[in-house]
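Observations on chain architecture
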Amino acid sequence: VTAASAWQPVNEANGWTVLNKGTLLTSPPLSVSTTNVGWLSLALDAKEDTTISLDWSTDVLLGSKQETIYVKQHEGVRRYYIEMQGNKEWTGTLVGLNLHIADPAKILVDRIALTTEPDGPPDIEVAYFGFENGVNRVGRPESLLAQLINRGGGNAVIKDVALQTPAGVTVVSGPNYS
């Protein structure tokens, strides 16, 4: 793992140590300045919803610090991004990383990268889709709200959205973007 590195496989062949039946992955010794590293990216394959925690140590920290991410079940490898540059403890020279995996049967850590910005394509997730107001009346127009989150590294442009409705339901206006 190096600053602005290409994706590095997380396995014993690349110096990672696997402990506690796969619940702890420990990086080889590192010497990476945190100055130009704003993001840590993980490529994960999750068979079920789970969590993964990242511990890091630098030459100026006493002990280590931790960030936990929640991983949703998905098909194949998906990228997850942890913004490190906003953490006041992300300073000095990075000397080690640990990945704590709650249940190794649920998740495979494929690759890791330290980068200045998130990389990769957009990854759009629907956070909410439903009625805008809680009380809906028969015969009155109602607004639908779709909240989308880009969990990917690239910019997402949403256009040409169409709502398919069943017979008897009419789209009066929209979509409206904000």
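Structure shown above.
Source: prediction; values computed, not measured.

This part is about the overall build of the protein chain. When its secondary structure is counted, the protein chain shows zero helices and twelve strands. When the helices and strands of the protein chain are read in sequence order from the N terminus, they spell out β-β-β-β-β-β-β-β-β-β-β-β. Whereas a compact globule of 178 residues would reach a radius of gyration of roughly 16 Å, the protein chain reaches 21 Å, over 25% beyond that. C-alpha atoms of the protein chain, sized along the principal axes, occupy 65 × 35 × 25 Å. For the protein chain, contacts bridging at least 24 residues in sequence account for 71% of all contacts bridging at least 6. Roughly 11100 Å² of accessible area belongs to the protein chain as shown, and the carbon and sulfur atoms make up 50% of that amount. When the 13 positive and 19 negative side-chain charges of the protein chain are each reduced to one mean point, those points stand 5 Å apart.

Let's shift gears to the sheet that holds strand E5 (residues 39-46). Strand order in the open sheet made by the four strands is E1-E10-E5-E8, with antiparallel pairing throughout. The outermost strands of the open sheet, each flanked by one partner alone, are strand E1 (8-9) and strand E8 (77-83). Pairing between E5 and E8: seven bridges, direction antiparallel. Residue pairing for E8: Trp39 is matched across the bridge by Glu83.

Another point: the side chain of Asn87. You can see Asn87 is positioned in the loop between E8 and strand E9 (93-101). For Asn87, the side chain forms a polar contact with the side chain of Glu67, separated by 3.0 Å. Discounting chain neighbours no more than four positions away, the residues touching Asn87 are Trp56 and Glu67.

Moving on, we get to the pattern of salt bridges. The final tally for this structure, using the stated rule, is six salt bridges. A salt bridge links Glu125 to Lys72; its shortest N-O distance comes to 3.9 Å. You can see Glu125 sitting in strand E11 (residues 124-131) and its partner Lys72 sitting in the loop between strand E7 (65-71) and E8, a full 53 residues away along the chain. Among the residues examined, Glu125 registers a relative accessible area of 13% and is labelled buried. Asp110 is paired through a salt bridge with Arg111; the nearest N and O atoms lie 3.7 Å apart.

The pairing of strand E3 (residues 24-26) with E9 spans three bridges and is classified as antiparallel. Following the sheet pairing, Leu24 is matched in E9 by His100. Sheet topology note: the strand E4 (residues 32-33)/E9 ladder contains two bridges and is antiparallel. Paired with Val32 across the two strands is Leu94, which belongs to E9. Where strand E6 (residues 50-58) meets E9, seven bridges bridge the pair, whose relative direction is antiparallel. Paired with Ser53 across the two strands is His100, which belongs to E9.

A cluster of nonpolar side chains, namely Ile124, Val126, Tyr128, Phe129, Phe131, Leu144, Leu148, Ile158, Val161, Leu163, Val171 and Tyr177, defines an oily patch on the protein surface of about 1100 Å² accessible area. When contributions to the nonpolar patch are tallied by element, the ones reaching two or more residues are E11 and strand E12 (144-150). Of the residues forming the nonpolar patch, the biggest block, five residues, is contributed by E11. Assignment of secondary structure puts Leu148 in strand E12.

Calculation notes
- Residues numbered from 1 in each chain as written.
- Predicted model: local features only at pLDDT ≥ 70, side-chain atom pairs only at ≥ 80, totals over all residues.
- Heavy atoms only, no water.
- Helix = DSSP H or I, 4+ residues; strand = E, 2+ residues; numbered from the N terminus.
- Rg over C-alpha atoms; globule rule 2.2 N^0.38 Å.
- Contact = heavy atoms within 4.5 Å.
- Areas by Shrake-Rupley, 256 points an atom, 1.4 Å probe, with all protein chains shown as cover.
- Lys, Arg positive; Asp, Glu negative; His and termini not counted.
- Charge placed at Lys NZ, Arg CZ, Asp CG, Glu CD.
- Pairing = 2+ DSSP bridges.
- Polar contact = N/O pair within 3.5 Å; in protein donor to acceptor, adjacent residues only side chain to side chain.
- Salt bridge = Lys/Arg side-chain N within 4 Å of Asp/Glu carboxyl O.
- Buried < 20%, exposed > 50% of the residue type's maximum accessible area, 1.4 Å probe, protein only.
- Patch = residues over 30% accessible without salt bridge, like charges linked within 9 Å, V, L, I, M, F, W, Y side chains within 5 Å.

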